[in-house]
Amino acid sequence: MDLIKAIRERRSIRKYKDKPVDDNAIEKIIDAARWAPNAGNYNSWRFIIITSSAQKKLLLNFCPGIDDMPAALIVICAKPKQKKLKEATRLMYMADCAIAAQNIVLTAYSLNIGSCIVVSFADKALREILEIPEDVQPYLMVTLGYPRETPEPPARLPISEITYRNSYGKEWVK
Ligand SMILES: Cc1cc2nc3c(=O)[nH]c(=O)nc-3n(C[C@H](O)[C@H](O)[C@H](O)COP(=O)(O)O)c2cc1C
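Cut-offs and rules
Residues numbered from 1 in each chain as written. Predicted model: local features only at pLDDT ≥ 70, side-chain atom pairs only at ≥ 80, totals over all residues. Heavy atoms only, no water. Near = heavy atom within 4 Å. Polar contact = N/O pair within 3.5 Å; in protein donor to acceptor, adjacent residues only side chain to side chain. Areas by Shrake-Rupley, 256 points an atom, 1.4 Å probe, with all protein chains shown as cover. Nonpolar A, V, L, I, M, F, W, Y, C, P; charged D, E, K, R; others polar. Axes fitted to C-alpha atoms, helices over the stretch in contact; angles between N-to-C directions. Helix = DSSP H or I, 4+ residues; strand = E, 2+ residues; numbered from the N terminus. Parallel < 35°, antiparallel > 145°, perpendicular 65-115°, else oblique. Left-handed = near helix turned anticlockwise from the far one by under 90°. Contact = heavy atoms within 4.5 Å. Core = buried A, V, L, I, M, F, W, Y, C linked by side-chain atoms within 4.5 Å. Buried < 20%, exposed > 50% of the residue type's maximum accessible area, 1.4 Å probe, protein only. Phe/Tyr/Trp six-rings, centres within 6.5 Å; stacked < 30°, edge-to-face > 60°. Lys NZ or Arg CZ within 6 Å of the ring centre and 35° of its normal. Expected span 1.5 Å × (residues − 1). Salt bridge = Lys/Arg side-chain N within 4 Å of Asp/Glu carboxyl O.

(A) Broad picture of the site of the ligand. Close to the ligand lie Arg-10, Arg-11, Ser-12, Arg-14, Gly-65, Cys-116, Ile-117, Val-118, Val-119, Ser-120, Pro-154 and Arg-156. Here an oxygen atom of the ligand sits 3.0 Å away from a polar atom, N or O, in the side chain of Arg-10. Across the complex, the protein chains shield 64% of the 620 Å² of accessible surface that the ligand would expose by itself. The residue makeup of the shell around the ligand, split by class, is five nonpolar, three polar and four charged.

(B) Up close: the packing of helix 3 (residues 53-60) against helix 5 (residues 123-130). Where helix 3 contacts helix 5, the axes come no closer than 10 Å and their chain directions differ by 160°. The angle between helix 3 and helix 5 falls in the class roughly antiparallel. For the pair helix 3 and helix 5, the crossing hand works out as right-handed. Here Gln-55, Leu-58 and Leu-59 of helix 3 come into contact with helix 5, specifically with Leu-126, Ile-129 and Leu-130. Here the residues of the contact of helix 3 with helix 5 sort into five nonpolar, one polar and no charged.

(C) Representation of the nonpolar core. Membership of the largest hydrophobic core comes to 26 residues, with the highest contact counts inside it found for Ile-74, Ile-76, Ile-113, Val-142 and Leu-144. At the level of secondary structure, the elements contributing two or more residues to this core comprise helix 2 (23-34), strand 2 (72-78), helix 4 (87-110) and strand 4 (137-145). Looking at this core element by element, the count peaks at seven residues for helix 4. Once residues within four sequence positions are removed from consideration, Ile-113 is found in contact with Val-21, Ala-25, Ile-29, Ala-108, Leu-144, Gly-145 and Tyr-146. By size, the runner-up hydrophobic cluster in this structure holds 19 residues, among which are Ile-13, Ile-50, Leu-59 and Leu-60.

(D) How the structure looks around the environment of Pro-151. Here Pro-151 lies in the loop between strand 4 and helix 6 (159-162). Look at Pro-151 and you get partly exposed, because its relative accessible area is 24%. Spatially, the C-alpha atom of Pro-151 lies 19 Å from that of Lys-19, the residues being 132 residues apart in sequence. Beyond its immediate stretch of four places on either side in the chain, Pro-151 contacts Arg-11, Ser-12 and Ile-13.

(E) Examining the packing of aromatic side chains more closely. Counted according to the given criterion, the structure contains two aromatic pairs. Where Trp-45 meets Phe-47, the ring centres are 6.4 Å apart and the plane angle is 25°; that geometry is what we call stacked. Trp-45 sits in the buried class, given a relative accessible area of 5%. Under the relative-accessibility criterion, Phe-47 is labelled partly exposed at 21%. Relative to Tyr-168, the ring of Tyr-164 has its centre 4.4 Å away and its plane inclined at 55°; by these criteria the two rings are tilted. With a relative accessible area of 31%, Tyr-164 lands in the partly exposed category. Using a relative accessible area of 75% as the deciding quantity, one classes Tyr-168 as exposed. For the cation-ring pair, Lys-19 lies above Tyr-146, with the distance from its terminal atom to the ring centre recorded as 4.1 Å.

(F) A look at helix 4. The terminal C-alpha atoms of helix 4, which comprises 24 residues, lie 35 Å apart, in line with the 34 Å expected from a rise of 1.5 Å per residue. The positive-phi residue at the C-terminal boundary of helix 4 is Asn-112, with phi of around 65°.

(G) Quick look at the pattern of salt bridges. Counted by the stated rule, this structure contains seven salt bridges. With a closest N to O distance of 3.0 Å, Lys-5 and Glu-9 form a salt bridge. Note that Lys-5 and Glu-9 are positioned in helix 1 (residues 3-9) at a spacing of four residues, about one turn of the helix. A residue is classified by how much of its surface remains accessible, and Lys-5, at 41% relative accessible area, is partly exposed. With its nearest N and O atoms 3.2 Å apart, the salt bridge here joins Glu-87 to Arg-90. With Glu-87 and Arg-90 both in helix 4 and three residues apart, the pair spans about one turn of that helix.

What follows is the structure, encoded as structure tokens:
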């Protein structure tokens, strides 16, 4: 699949068919995630894949950002190298997880699997349910499943409004 086309046409999917996503497809998606750029090449990501119906149901009680039952959920965590995290370091791990999430949603799209990145979840409940150790931080979730909707592309600001040349506020002119 053409990369630019995938970037333009992928949409966040929030309604899913009641159809499982094959483990091989999930592994392809995680393989793409681990090839993402990452700070220091620490490979600090840890991915928890949730496919059990009981576990998904339980989790959804603590994820207001998820409307419909997905076939699977990926919780993207970081296991930092450092014991105590400065704010800048915490943001570095967040960036690693966000970039991995982008690889996840694009790879899912290339396999005709819908996805949505989710940040609204209750950290404490998630940690308890998934038995996440203290030194591991869950940053993002991604829902996965076969789409039951075809959303229209939401608006994006034009390039001229978000892009400057040489200094902030200086018009970008080709
Ligand atoms: C960091 C992040 C957090 C998000 N959290 C949620 C969420 O909690 N619930 C949700 O339905 N969508 C969530 N989204 C999806 C965005 O709403 C979606 O990407 C945006 O509306 C643009 O739509 P598109 O992905 O179809 O282009 C999130 C996306 C990102 C990148």
